[in-house]
Amino acid sequence: MADQTILERPRADASVEASVNYVGPMSERPKFHAQDHSRDNLNLEPHVAPIHDARAMADAPTLEREGITLAPHATKVADFRDAEAATPVYMAEVERLILDLTGATKVLVMGGAVLRYSKRSAHFGTGVNSQPAGFIHVDYTELSAPDLVSRSAGDEMRPGRRMAGYNIWRVVSQPPQDMPLAVCDARTIADADLVRADAMFDVGEEPWWTFEAFLLRYNPAHRWLYYPDMRPDEALVFKSFETDPSQPVRVPHTAFENPLCPPDAPGRVSVEARAFAFFD
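Below is a summary of the structure that appears in this document. (Residues numbered from 1 in each chain as written. Predicted model: local features only at pLDDT ≥ 70, side-chain atom pairs only at ≥ 80, totals over all residues. Heavy atoms only, no water.)

1. So, the side chain of Glu242
Worth spelling out the cut-off: Comment: elements are numbered from the N terminus, with helices defined as DSSP H or I runs of at least four residues and strands as E runs of at least two. Remark: exposure states derive from per-residue accessible area (1.4 Å probe, protein chains only) relative to the maximum for the residue type, with buried under 20%, exposed over 50%, and partly exposed in between. Polar contact is defined as a pair of N or O atoms within 3.5 Å, subject to the rule that within protein one atom must be able to donate a hydrogen and the other to accept it, and that residues adjacent in sequence are counted only when both atoms are side-chain atoms.
For Glu242, the location among the structural elements is in strand S12 (residues 234–242). Classification of Glu242 as buried rests on a relative accessible area of 6%. There is a polar contact of 2.8 Å between the side chain of Glu242 and the side chain of Arg162. Looking at Glu242, its side chain comes within polar contact range of the main-chain nitrogen of Asp244, at 2.9 Å.

2. Things to note about the packing of aromatic side chains
For clarity, the cut-off: Any two rings among Phe, Tyr and Trp, with Trp reduced to its six-membered ring, count as a pair given centres within 6.5 Å; such a pair is stacked if its planes are under 30 degrees apart, edge-to-face if over 60, and tilted if neither.
In this structure the tally under the stated criterion is 9 aromatic pairs. Aromatic side chains Tyr22 and Tyr218 sit 5.2 Å apart centroid to centroid with 90° between the ring planes, which places their arrangement in the edge-to-face category. Of this pair, Tyr22 sits in strand S1 (residues 16–23) while Tyr218 sits in the loop between strand S10 (209–216) and strand S11 (224–226); the two residues are 196 residues apart in sequence, bridging distant segments of the chain. Under the relative-accessibility criterion, Tyr22 is labelled buried at 2%. By relative accessible area, which is 37% here, Tyr218 ends up partly exposed.

3. Side note on the environment of Val94
Selection rule: Contacts are assigned to residue pairs that have any heavy atoms within 4.5 Å of one another.
By secondary structure assignment, the location of Val94 is in helix H1 (residues 83–102). Judged by its relative accessible area of 0%, Val94 falls in the buried class. In sequence terms Val94 and Met57 are 37 residues apart; their C-alpha atoms lie 26 Å from each other. In this structure Val94 touches His73, Val109, Ile168, Ala273 and Ala275, once residues within four positions along its chain are discounted.

4. Quick notes on the nonpolar core
Here is the rule: What is meant by a nonpolar core is a set of buried Ala, Val, Leu, Ile, Met, Phe, Trp, Tyr and Cys residues, joined one to another through side-chain atoms within 4.5 Å.
By size, the foremost hydrophobic cluster in this structure holds 28 residues, and its most contacted members are Tyr90, Val94, Ile98, Val107, Tyr166, Ile168 and Val237. Elements represented by at least two residues in this core include exactly H1, strand S5 (106–117), strand S7 (162–171), S12 and strand S14 (269–279). With 8 residues, H1 is the single largest residue contributor to this core. Beyond its immediate stretch of four places on either side in the chain, Tyr166 contacts Leu63, Ile98, Thr102, Val237, Phe238, Lys239, Ser240, Ala273, Arg274, Ala275, Ala277 and Phe279. The next biggest cluster of nonpolar side chains, apart from the first, holds 18 residues, and it includes Ala14, Cys184, Leu194 and Phe214.

5. Side note on the side chain of Ser173
Along the chain, the position of Ser173 falls in the loop between S7 and strand S8 (181–184). For Ser173, a relative accessible area of 14% gives the class buried. From its side chain, Ser173 meets the backbone nitrogen of Val269 in a polar contact 3.0 Å long. Apart from residues lying up to four places away in sequence, Ser173 is in contact with Pro232, Gly267, Arg268 and Val269.

6. Looking at the environment of Pro252
Tracing the sequence through the fold places Pro252 in the loop between S12 and strand S13 (253–255). Exposure remark for Pro252: the relative accessible area of 0% places this residue in the buried category. Considered as a pair, Pro252 and Phe238 are 14 residues apart in the sequence and their alpha carbons are 9.2 Å apart. Non-local contacts of Pro252, meaning those with residues more than four positions away in its chain, are made with Ile136, His137, Val138, Ala182, Val183, Cys184, Ile189, Leu216 and Trp224.

7. Topic: unusual backbone geometry
Only a minority of non-glycine residues have a phi that is not negative, and only a minority of peptide bonds are not trans. The linkage connecting Pro175 with the following residue, Pro176, adopts the cis geometry, with an omega of 0°. With respect to the helices and strands, the residue Pro176 is situated in the loop between S7 and S8. With an omega dihedral of 5°, the bond running from Glu206 to Pro207 counts as a cis peptide bond. Within the fold, Pro207 resides in the loop between strand S9 (194–201) and S10. Phi is positive for Asn129, close to 55°, though the residue is something other than glycine. Relative to the helices and strands, Asn129 is located in the loop between S5 and strand S6 (137–138).

8. Considerations on helix H2 (residues 144–153)
Rules: Directions from the helix axis toward the C-beta atoms define the arc.
Looking only at H2, the buried set comprises Ser144, Ala145, Leu148, Val149 and Ala153. Along the long axis of H2, the arc covered by the buried residues comes to 130°, so they all point the same way. The inward-facing, buried residues of H2 contact S5, S7, S10, S12 and S14.

Taken by themselves, the reported measurements are silent on function.
Written out as structure tokens, the structure reads:
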């Protein structure tokens, strides 16, 4: 397995208090859209929460404990906006990263790399599904993850075989980040905190592709972490799905406005990939 030793830490603890958006009480099933958020059916409930500096922790978070790790991971991709050139290179890099981190037998990388831009970026609002998610969510449920994988690699799914999902998140822009990613320690999530919702990929003509995701109800027990001043040669990897209940199952996450970021810092540009690993 790859070394999961924590990367270079800042000299001082950069923990912050910031507002994160949970889902409040709703009489209808929530839904959210990739493009047109005016169509969303969400009752967002902001709460100010402490978000701990994971770089300053004595014990670095791990995939086996919190469901989170930060890994050294340089990329050969020069321009993620050139999707045709970037996709094959980056998907191969992500596959190798997850194989090394997890010891999996097989890794399936889903789709391409998704670029996202904060409001400060000149590219904000461009591209497909390119806005940072401003509410807490988990990409899959125990229903949607197997359905998605079965469409792409049904031959890898066998009774009793362990399957785990991972998000791979990296910044393309240099630090500091005005909208970092906050990730929640998987051990602090109760089943009662999870709310099922419909994610709508509203691109092209209806009917749109849709799948089930989780939103999160507020619980003061949640423990939030982030990595300040991420660099383009680092990858934040966290769990999105797991069939082995002895392992961390899911890590809710959200973008948040960083109160420590200078007002003249450039907008965050990030790229996200998703992968499923299979174990024998």
